[in-house]
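Examining the three-dimensional arrangement
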Amino acid sequence: MKYKMTFLIELNNVNFEYDNFKISNVSFKLKEGEKLALIGANGSGKTTILKLILNLLKRKSGIIKAFGLEVNKKNEWEIRKKIGFLFQNPDDQLFAPTVWEDVAFGPRNLKMSQKEVEIVVEWALKSVKMLKYKNVSPVNLSWGQKKLVALAGILAMKPKILFLDEPFANLDMLAVKELLEILENLRKNENLTILFTTHNHFIIQYWADRIIVLKNGTIIYEGNPEDGLKLPEIKKAIGTWDDIIKIIYPGGEIHEHPHIHIHSHKHIHYSDLESHEHKHDNFD
Ligand SMILES: Nc1ncnc2c1ncn2[C@@H]1O[C@H](COP(=O)(O)OP(=O)(O)OP(=O)(O)O)[C@@H](O)[C@H]1O
Ligand SMILES: [Mg+2]
């Protein structure tokens, strides 16, 4: 069978300008099923790019395609229905008097029947483990809970792609684990593709399939995280823990040292069937 690579989103030489900031010649593709991380320092243009794809901001030039269609005024609603955008700040996303009403807003807009709305809202809130908060006002939720309810609101629209703007920001480590579990379940069961932004180096290194690194509105690296994170230019663009340690211990120095793994195991000599212990020392 011939292998077919499907690109869900394609940007080609996209340019955009605010008064003091430019997106310059940005091109990349989002593949079906992947977890692509847009990374870069504060103000490097990550959120701007997500908004450009959804036509919430109008590009100055270049081509943006979603699901093979060029994104324009005419089809922006069709495209936004299939791409769930989790805003960086959940307070910009939640507005209804209760969690349930908030999540029901999208499905109602899609003119689903009352029964369908109930089913999908319950499913979405269960997926993010927030069903028990259904009667609570979103304003009273914690930051992490607000993010989950906002995510449920998006899921209730049954999107094909999730745009997650800083989903892990402000979460404690237990909440990061919870969110990862939720997202992995959704990827498995709903076949979702994820384009996300993050400053979390652990997530960049271990969860992203591919990274795109932005600096002042231009792409300086696109590829796998492992190679990218080793490059001095990228380290400079996103910072490192080493830089931070140097401030905490100004006189100290960071060094690497070799270490040894030792393990022991039992084995049998067949000549005399006597068992004894011995040691292997591995140097790596
Ligand atoms: N509405 C606006 N008007 C003018 N400039 C803006 C506007 N929105 C964003 N900018 C500027 O555009 C640049 C990129 O902003 P953007 O929000 O895309 O950065 P980001 O990479 O998402 O940063 P962060 O990691 O802090 O979320 C910043 O310099 C910002 O000040
Ligand atoms: Mg941002």
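This text gives an overview of the structure that appears in the document. Since we're looking at a predicted model, the values are computed, not measured.

All right, on to the pairing of strand β9 (residues 210-215) then. Bridging between strand β3 (residues 35-40) and β9 involves 5 bridges; their strand directions are parallel. Across the sheet, residue Ile39 finds its bridge partner in β9, namely Val213. As judged from the 5 bridges shared by β9 and strand β10 (residues 218-223), these two strands associate in the antiparallel manner. Residue pairing for β10: Ile212 is matched across the bridge by Glu222. Linking β9 back to β10 in an antiparallel pair, the connection comprises 2 residues, with Asn216 at a positive phi of about 45 degrees.

The subject of this paragraph is unusual backbone geometry. Despite not being glycine, Asn55 has its phi angle at roughly 65 degrees, a positive value. Along the chain, the position of Asn55 falls in the loop between α1 (46-53) and β4 (61-66). C-beta crowding within 10 Å serves as the criterion here: with 18 such atoms nearby, Asn55 is assigned to the partly exposed category. Unlike most non-glycine residues, Lys129 shows phi in positive territory, near 60 degrees. Within the secondary structure, Lys129 sits in the loop between α4 (114-127) and α5 (143-155). Looking at Lys129, the number of C-beta atoms within 10 Å reads 15, which means it is partly exposed.

The relative placement of two packed helices comes down to the angle between their axes together with the axis-to-axis distance. It is the contact of helix α3 (residues 99-109) with α5, at a shortest axis distance of 7 Å, that shows an interaxial angle of 30 degrees. Classed by the angle they form, the pair α3 and α5 counts as roughly parallel. Relative to α5, α3 is oriented so that their crossing is right-handed. Here Val99, Asp102, Val103, Phe105 and Gly106 of α3 come into contact with α5, specifically with Val149, Ala152 and Gly153.

This paragraph deals with the sheet that holds β4. Here 4 strands make up an open sheet; going across it, the order is β2-β1-β4-β5 and the pairing antiparallel. Taken across any chain shown, the strands that pair with only one partner, and hence form the sheet edges, are β2 (22-31) and β5 (69-70). Sheet topology note: the β4/β5 ladder contains 2 bridges and is antiparallel. Following the sheet pairing, Lys65 is matched in β5 by Glu70.

In this section: the sheet that holds β10. Spatially, 6 strands are ordered β6-β7-β8-β3-β9-β10 in an open sheet, and the strand pairing comes out mixed. Since the sheet does not close on itself, it has two edges, and those belong to β6 (83-86) and β10, each with one partner. For this sheet, the mean angle separating the axes of adjacent strands, direction not counted, is 15 degrees. Taken together, the 5 bridges between strand β7 (residues 161-165) and strand β8 (residues 193-197) define a ladder with parallel strand orientation. In the sheet register, Leu162 faces β8, and the bridge partner there is Ile194. Strands β6 and β7 of the sheet are contacted by α5, whose axis makes an angle of about 165 degrees with β6.

Procedures and definitions
Residues numbered from 1 in each chain as written. Chains lettered and ligands numbered in written order. Predicted model: local features only at pLDDT ≥ 70, side-chain atom pairs only at ≥ 80, totals over all residues. Pairing = 2+ DSSP bridges. Helix = DSSP H or I, 4+ residues; strand = E, 2+ residues; numbered from the N terminus. Buried ≥ 20, exposed ≤ 12 C-beta atoms within 10 Å, placed from the backbone. Axes fitted to C-alpha atoms, helices over the stretch in contact; angles between N-to-C directions. Parallel < 35°, antiparallel > 145°, perpendicular 65-115°, else oblique. Left-handed = near helix turned anticlockwise from the far one by under 90°. Contact = placed C-beta atoms within 7 Å.

Shape descriptors only; they carry no functional weight alone.
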